[in-house]
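Below are the chains, spelled out letter by letter.
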Amino acid sequence: MAIHLKKNEQVEKMYRAGQIVREVLDRLGEMVAVGVTTEELDVEAERICTARGADCLFKGVPGRGKADPFPGNICASINEEVVHGIPSPRRVLEDGDIVSVDFGVQLNGWCADAARTYCVGTVPRDARNLVEATKHCLDLAVERMRPGEKWSSIARSMQDYARSRGFSVVEEFVGHGIGREMHEDPKVPNFVSAELRRRDIVLKPGLVIAVEPMVNLGAKGVRVLGDGWTIVTADGKCSAHWEHTLAVIDNGVRVLTG
Ligand code: MG
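Residue numbering note: each chain is counted from 1, following its sequence as written. Where totals are concerned, whole chains, interfaces and linings use all residues; where local detail is concerned, this predicted model gives features only for residues with pLDDT of at least 70, and gives and counts side-chain atom pairs only at 80 or more. Values shown for side chains rest on all heavy atoms present in the structure; no hydrogens or waters enter the calculation.

Participant: I keep staring at the overall build of the protein chain and nothing clicks. Help me out?
Facilitator: The helix and strand inventory of the protein chain stands at five helices and 15 strands. Reported as C-alpha extents along the three principal axes, the dimensions of the protein chain are approximately 45 × 45 × 35 Å. Once local pairs closer than 6 in sequence are excluded, the contacts in the protein chain between residues at least 24 apart make up 69%. When the accessible surface of the protein chain is totalled, it reaches about 11400 Å², and 47% of it is carbon and sulfur. The charge count treats Lys and Arg as positive and Asp and Glu as negative. His and the chain ends do not count. Where a charge lies is defined by one atom per residue type: Lys uses NZ, Arg uses CZ, Asp uses CG and Glu uses CD. With 33 positive and 37 negative side-chain charges, the protein chain shows a separation of 5 Å between the mean positions of the two kinds. Working definition: helices are DSSP H or I runs of at least four residues, strands are E runs of at least two. Numbering for both runs from the N terminus. Pairs of residues are marked as contacts when any of their non-hydrogen atoms sit within 4.5 Å. Throughout, the Shrake-Rupley method with a 1.4 Å probe supplies accessible areas, and for residues the shown protein chains are the sole cover considered.

Participant: Help me out: how do you make sense of the packing of helix α3 (residues 125–144) against helix α4 (residues 151–164) in this one?
Facilitator: Geometrically, a packed helix pair is captured by the angle between its two axes and the distance between the axes. For every element, the axis is a line fit to its C-alpha atoms; helices are fit only across the contacting stretch, and the angle between N-to-C directions ranges from 0 to 180 degrees. Taken N-terminus to C-terminus, the directions of α3 and α4 make an angle of 155°; their axes are 9 Å apart at the nearest point. Classified by the angle between their axes, α3 and α4 sit roughly antiparallel to one another. Crossing handedness for the pair α3 and α4: right-handed. Taken together, the residues of α4 that come into contact with α3 (itself represented by Glu132, Ala133, His136, Cys137, Leu140, Ala141 and Arg144) are Trp151, Ser153, Ile154, Ser157, Met158, Tyr161 and Ala162. Here the contact of α3 with α4 is built from residues that sort into nine nonpolar, three polar and two charged. For classification purposes, angles smaller than 35 degrees are called roughly parallel, those larger than 145 roughly antiparallel, those between 65 and 115 roughly perpendicular, and all remaining angles oblique. If you view the pair so one helix is near and one far, a crossing is left-handed when the near helix is turned anticlockwise from the far one by less than a right angle, and right-handed when it is turned clockwise. Amino acids are sorted into nonpolar (Ala, Val, Leu, Ile, Met, Phe, Trp, Tyr, Cys and Pro), charged (Asp, Glu, Lys and Arg) and polar (every other residue, Gly among them).

Participant: Looking at this structure, I do not really get α4. What am I missing?
Facilitator: Counting along an α-helix, one turn takes 3.6 residues, and residues three or four places apart therefore face a common direction. By definition here, a helix of n residues has an expected span of 1.5 Å times n minus one. Counted at 1.5 Å a residue, the expected span for α4 with its 14 residues is 20 Å, and the 20 Å between its end C-alpha atoms agrees. The buried label applies to any residue whose accessible area, calculated with a 1.4 Å probe on protein chains only, is under 20% of its type's maximum; exposed applies above 50%, and partly exposed to all values in between. Looking at α4, one finds that the buried residues are Trp151, Ser152, Ile154, Ala155, Ser157, Met158, Gln159, Tyr161 and Ala162. Among the structural elements, α3, β6 (168–169), β8 (184–188), α5 (194–198), β9 (208–211) and β10 (214–216) are those in contact with the buried residues of α4. Following α4 by one or two positions, Gly166 has its phi on the positive side, about 90°.

Participant: Teacher, can you tell me more about the sheet that holds strand β11 (residues 222–224) here?
Facilitator: By way of backbone hydrogen bonds, the strands of a sheet pair with one another, either parallel or antiparallel. Note on pairing: two strands pair once DSSP finds at least 2 bridges between them. The strand order β3-β12-β11 describes an open sheet built from three strands, whose pairing is antiparallel. Every interior strand has two partners, whereas the edge strands, β3 (81–83) and β11, have only one. Averaged over all pairs of adjacent strands, the angle between strand axes in this sheet comes to 40°, irrespective of strand direction. Strand direction decides the pairing type here: β3 and strand β12 (residues 231–233), joined by two bridges, are antiparallel.

Participant: Explain α3 here, please?
Facilitator: Over its 20 residues, α3 extends 28 Å from the first C-alpha to the last, a length consistent with the 28 Å expected when each residue adds 1.5 Å. What α3 keeps buried is the set Ala127, Leu130, Val131, Ala133, Thr134, Cys137, Leu138, Leu140, Ala141 and Val142.

Participant: Looking at this structure, I do not really get the coordination of the magnesium ion. What am I missing?
Facilitator: Note that water is not among the atoms considered, so a metal site may appear incomplete; the donors listed are N, O and S atoms within 2.8 Å of the metal, with 3.2 Å applied to Na, K and Ca. Within the first shell, the magnesium ion binds the protein through Asp113 (OD), His176 (NE2), Glu212 (OE) and Glu243 (OE), at distances of 2.2 to 2.4 Å. Considered as a linear motif, the donors of the magnesium ion on their single chain read D-x62-H-x35-E-x30-E. Taken together, the residues Asp113 in strand β5 (residues 110–119) and Glu212 in the loop between β9 and β10 connect sequence positions 99 residues apart. Taken as a pair, Asp113 and Glu212 share a single burial class, namely buried.

Participant: What is the right way to read the sheet that holds β8 from this model?
Facilitator: In space, the five strands of this open sheet follow the order β8-β7-β9-β14-β15, with antiparallel pairing throughout. Each edge of the open sheet carries a strand with a single partner, namely β8 and β15 (252–255). Mean inter-strand twist for the sheet, computed between neighbouring axes without regard to direction, equals 30°. For strand β14 (residues 244–249) and β15, the ladder comprises four bridges, and the chain directions are antiparallel. Paired with Ala247 across the bridge in β15 is Arg254.

If you want it as structure tokens, here you go:
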């Protein structure tokens, strides 16, 4: 495992990238409404990204096995879709949906990555609670990150909180280091993994990670659809996803995508 700690001026560059991601997710939040397609969200994300001189990170990411490269600029995952949903003119947002949008950019060689789950119209209480609880898991990480803290301790508090609300944390997908590459070491699970028990991550100034809790209304299990990309819950119940790119700094944490 090779963790590249970032210098202050590099974190500053990542913040610039992160502010484009924040702007896009703010704008998409304004657009989300009944009747809007996930393709419309995708087009707007690309428009803003290009206008700011940045590159969208997700389009063209190679697929696993026989899957095509990812065709979208955003991932848009509705209801039981957990992550990696493909934006489409056929996916129309309906009243009561929740839609998770994940978006990343590269600006002047530095990356940033974030996700939010939006509510469409009047969302049933259990799904609304799920969205709010998943955001709270991310907020817990932001509150607790500082130099010297062990990641396992933060991961445990996220996992415990999700469980206390009656939800389950997805284990097949995890957060990640980020920098010049979208995915760098270390892996950053939102639960206490066997790997963390063997070798914990002790936070240090200059560590920049994308923390991205994925929380399910029902059981934690997921599966991939035939498109090779879209991850759905095995039980068909809703899932939510929130993510920030976070830099550990001397006195705590800096939210680069907030
Ligand atoms: Mg990510």
